[in-house]
Structure formats: structure tokens, C-alpha cells
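Summary of structural features
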Amino acid sequence: MDSEIAVDCSPLLKIYKSGRIERLMGETTVPPSSEPQNGVVSKDVVYSPDNNLSVRIYLPEKAAETGEKLPLLVYFHGGGFIIETAFSPTYHTFLTAAVSASNCVAVSVDYRRAPEHPISVPFDDSWTALKWVFTHITGSGQEAWLNKHADFSKVFLSGDSAGANIVHHMAMRAAKEKLSPDLNDTGISGIILVHPYFWSKTPIDEKDTKDETLRMKIEAFWKMASPNSKDGSDDPLLNVVQSESVDLSGLGCGKVLVMVAEKDALVRQGWGYAAKLEKCGWKGEVQVVESEGEDHVFHLLKPDCDNAIEAMHKFSAFIKGEN
């Protein structure tokens, strides 16, 4: 029974009829480093003892010496809510590079994954982590690096793919529920959505992919992550752009950067999100950056290519207030 496969999503994962899940990628981890990598040191800190969940915190080595306050980036990893962790080589490499380029402090969030922990668990864990981060706003939290170095007047949220979806929902929730009693607003300056995982049963516009096999594959991931969703991929948690029930006017930040890739099946969703923001009465500023000739999360797979370097420049400039 345990060898019989119920769902085969190779090369990502397999689900067996016994319920066992075999993840085929994203399971390798690397430790944090007290020795500078690209001028950045890192360490892991538990934010949810009850669920044994941690964040990885990144700090420029120079800041550790000078004690200066830096912008704070809170990052949520991608992987369809199902694969990858905050501790994989992929994300450790990316966050180290992002912190070096942006001269910021970063908190990379690990959350419980579907299908063992279906939606809304990844969202709930992410909110718990974000609230934990904001316990440091007065400089008296659990973690010294955040107390000493995080500038809570410059907080940015970012994530790729499913992580970008999480970021959107965190910014919406922050406008309704205070992250800290010490805040007068949401506490979030801006968000960066990298190749965001929004979707819908029907194509979003004439440029959207009509490939039914591809569309069904993307929808299947959501069904694994949210098996109890009665609307499938039209669930407002996923169908953020087309759903009339989703009002973006209350998005809890002042500026948004949407990063998309030309050949990514999700590219039109990213453009559609920005267009919806511009039309809905939201008072902030939104910009879209498209990487030509590239596919989904290419910057994680080939971080040294020219387009990835350019994308990192845009990413860091947003955090540094240069664009």
C-alpha cells in the first residue's frame, strides 16, 4: 500500500495512497553562518515554539560592528505552499545576496507546508511570524539583532510565487489587524511580489496561456494545498485578480513592486494585479518590472545570469528607496 502512488507531480513530489508524501526537491538544507558570506552573517531563531518553527535572520557584517539601523525585509519562500523551506541552499543564497545588495536586515520565514498542513496553515504561520517580528519594534524583543538593527519605519515584505501570494494576504491582514499596539498604521512600507502565484479557472486576458494541460497542472497544485476549497482555483485566496469579492483598496502598504517573467505562465496575473491596484482606489504607488525571455523564478535557478542580476538591482533599489 505504501508503494502505491496516488498523485505523481514529479519532479516536485509524489503522494502515496497511504498518505505519505515524498518531496523530490527543496528538502536539502544549509546551516546559518556566523562566518560572513558575501559580507552577511545569519542565524536561526525559533518564533513558534509550539510548532517548532524558526526564521533565519540575515545581517550585514558591517552593521554588526557599527550598530546602525537598517531597513527590515521579511521574506516568505515559494514552492506552491508545498515544497521548499527557508533553509534551502536556494533561499539561503538568494537572501544572502539580497541583504548584501540592499544593505538591510532580513527575516526569512519558515512555515508549515501543505498537504500535511493545508491552507490556511501557511498563512496563519506567516502571520504568527510577522507578529513575532513586530514584538521587536520597541527594542525589547527576543532577538538582539532585530532589537538593535531593524528600522521599523522601513519594513518591506517580499516573497516569490506562493510566497508572493502570502505577502499580499499579510499586507491585507495588517490593514485590518494591528501587528503591534505600538503602531499607528500597518507598519509595512512596501511589498515586492516576485512572480506571484495568483490564478483563476479562466484566462485573465487574451495574452494569458490557453494551454489546458498547463492550466490544470497549476490548478492541481492549489487543490493539493487547499483540498477543502469549494471554489478550487477561483478561491479568493488564489483568484485575487479576477475575483469581484477581492477588494485591493485596503492593501496595507504605501508602494508595491510586482516582478514578472515574460515566459512564466503566471505573468499575466502579475500584470493584472498591478492594473487592479491602479483602478481600485488604493492610494499607493505600483510598478511592474518584467524580465524578458525568462520563466518562473529563473532568478533562483540561475542567480548569476544577467537578467537575475538586473532583477536584484531593481529589488534592492526598491528597498533602498531609489526607485
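None of these values were measured; they are calculated from a predicted model. (Residues numbered from 1 in each chain as written. Predicted model: local features only at pLDDT ≥ 70, side-chain atom pairs only at ≥ 80, totals over all residues. Heavy atoms only, no water.)

Some details on the pairing of strand β6 (residues 70-76)
The buried count for β6 comes to seven of seven residues, which makes it a mostly enclosed element. Summarising the sheet, β6 and strand β8 (residues 150-160) pair through seven bridges and their orientation is parallel. Its bridge partner lying in β8, Tyr75 is registered against Ser158. Sheet topology note: the β6/strand β7 (residues 105-109) ladder contains five bridges and is parallel. Looking across to β7, one finds that Leu72 is bridged to Val105. Following the chain from β6 across helix α2 (residues 89-102) to the adjacent parallel β7, one finds a crossover that is right-handed. (Buried < 20%, exposed > 50% of the residue type's maximum accessible area, 1.4 Å probe, protein only. Helix = DSSP H or I, 4+ residues; strand = E, 2+ residues; numbered from the N terminus. Pairing = 2+ DSSP bridges. Right-handed = clockwise from strand over helix to strand, strands pointing away.)

Concerning the pattern of salt bridges
Scanning all chains against the criterion turns up 14 salt bridges. A salt bridge links Asp124 to Arg173; the shortest N-O distance between them is 4.0 Å. Remark: Arg173 occurs in helix α5 (residues 162-174) and Asp124 occurs in helix α3 (residues 121-134); sequence separation between them is 49 residues. For Arg173, a relative accessible area of 27% puts it in the partly exposed group. Several salt bridges converge on common partners, so that one network encompasses Asp124, Arg173 and Glu177. (Salt bridge = Lys/Arg side-chain N within 4 Å of Asp/Glu carboxyl O.)

Digging into the packing of α3 against α5
Relative orientation of the contacting elements α3 and α5 amounts to 60°, with a least axis distance of 10 Å. It follows from the interaxial angle that α3 and α5 lie oblique. In this structure, α3 meets α5 at a crossing whose hand is right-handed. Residues Pro122, Phe123, Asp124, Ser126, Trp127 and Leu130 of α3 form the contact with α5, whose participating residues are Asn165, Ile166, His169, Met170, Arg173 and Ala174. Partitioning the contact of α3 with α5 into residue classes produces seven nonpolar, three polar and two charged. (Axes fitted to C-alpha atoms, helices over the stretch in contact; angles between N-to-C directions. Parallel < 35°, antiparallel > 145°, perpendicular 65-115°, else oblique. Left-handed = near helix turned anticlockwise from the far one by under 90°. Contact = heavy atoms within 4.5 Å. Nonpolar A, V, L, I, M, F, W, Y, C, P; charged D, E, K, R; others polar.)

A closer look at unusual backbone geometry
Along the chain, Ala114 connects to Pro115 via a cis peptide bond; the corresponding omega equals 0°. Topologically, Pro115 is positioned in the loop between β7 and α3. The residue after Ile119, namely Ser120, is reached through a cis peptide bond having omega 25°. In this structure, Ser120 sits in the loop between β7 and α3. Even without a glycine there, the phi angle at Phe81 is positive, about 70°. Within the secondary structure, Phe81 sits in the loop between β6 and α2. According to the relative accessible area criterion, Phe81 is buried, its value standing at 0%.

Describing the UniProt feature "active site" (unreviewed entry) in the protein
Within the UniProt annotation, "active site" (unreviewed entry) is assigned to Ser161. Position of Ser161 among the secondary structure elements: in the loop between β8 and α5. Residue class for Ser161 comes out buried when judged on its relative accessible area of 9%. Ignoring anything within four residues of it in the chain, the contact list for Ser161 reads Gly78, Val194, His195, Pro196, Tyr197 and His296. (UniProt positions renumbered as here; feature names shortened; annotations may be inferred.)

Re the side chain of His92
Mapping His92 onto the fold places it in helix α2. The class for His92 is buried, based on a relative accessible area of 5%. Engagement of the side chain of His92 in a polar contact is seen with the side chain of Gln37, the distance being 2.7 Å. Within the structure, His92 has its side chain in polar contact with the side chain of Tyr58 (distance 3.2 Å). With residues up to four places along the chain from it excluded, the contact list for His92 reads Val30, Pro31, Pro32, Gln37, Ser42, Arg56 and Tyr58. (Polar contact = N/O pair within 3.5 Å; in protein donor to acceptor, adjacent residues only side chain to side chain.)

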